[in-house]
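Overview (structure and organization)
For reference, the chains in residue letters:
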Amino acid sequence: PVHGINFHKYYFDLYSHPKVTQRKEHPKPIITNVVTMSNPHVRWLGGGCCSDGCGEGTAAVITYVRLDQSMAEGDDGPTTKTMSETRVWENR
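Residues numbered from 1 in each chain as written. Predicted model: local features only at pLDDT ≥ 70, side-chain atom pairs only at ≥ 80, totals over all residues. Heavy atoms only, no water.

As a further point, take the overall build of the protein. A tally of helices and strands in the protein yields one helix and three strands. Helices (α) and strands (β) of the protein occur, in sequence order from the N terminus, as α-β-β-β. Burial status across the protein gives 25% buried among its 92 residues. In the protein, the share of contacts with a sequence separation of at least 24, taken over all contacts with a separation of at least 6, comes to 54%. Carbon and sulfur atoms provide 55% of the accessible area of the protein, an area that totals close to 6800 Å². (Helix = DSSP H or I, 4+ residues; strand = E, 2+ residues; numbered from the N terminus. Buried < 20%, exposed > 50% of the residue type's maximum accessible area, 1.4 Å probe, protein only. Contact = heavy atoms within 4.5 Å. Areas by Shrake-Rupley, 256 points an atom, 1.4 Å probe, with all protein chains shown as cover.)

A word on the sheet that holds strand S2 (residues 59–70). The strand order across the open sheet formed by three strands is S1-S2-S3, and the pairing between neighbours is antiparallel. One side of each edge strand has no neighbouring strand; the edge strands of this open sheet are strand S1 (34–45) and strand S3 (79–90). Within the sheet, the average angular offset between the axes of one strand and its neighbour, ignoring direction, is 15 degrees. Where S2 and S3 come together, twelve bridges link them in antiparallel fashion. Residue Ile 62 lies in a different strand from S3, and its bridge partner there is Arg 87. Most of the contacts of helix H1 (residues 5–15) go to S2, to which it runs at about 10 degrees, and overall it touches S1, S2 and S3. (Pairing = 2+ DSSP bridges. Axes fitted to C-alpha atoms, helices over the stretch in contact; angles between N-to-C directions.)

One can find Ser 70 in strand S2. Setting aside anything within four residues of it in sequence, one finds Ser 70 in contact with Tyr 10, Asn 33, Pro 78 and Thr 79.

Attention now moves to unusual backbone geometry. In the Ramachandran plot, Asn 39 falls in the positive-phi region, its phi being about 55 degrees despite a non-glycine side chain. Note on placement: Asn 39 falls in strand S1. Relative accessible area serves as the criterion here: at 52%, Asn 39 is assigned to the exposed category.

Of the residues making up H1, those classed as buried are Phe 7, Tyr 10 and Leu 14. Down the axis of H1, the buried set is contained in an arc of 45 degrees. They therefore lie on one face. H1 presents Ile 5 and Phe 12 as exposed residues on the side facing more than 90 degrees away from its buried surface. In this structure, the buried residues of H1 make contact with S1, S2 and S3. (Arc of directions from axis to C-beta.)

This is the structure we're talking about:
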């Protein structure tokens, strides 16, 4: 499940948009794409403490699911693409 207002607000805004019922032949965005981060997870790596004394590791691996919502004129309905992403951050 996706929590948060931005993901769900997209659909309310989309179906209240006047162009949804006035589609043309060439696809173009009706509302700008909305990108939402879902299910973030942080895993601290490295022993010891970082330089500011916070007690955490020296690096972290962040994983999340990125949700891209879009709809173009001519599409049958909105689409949501999901991508699992991973980032590595180093505390310097």
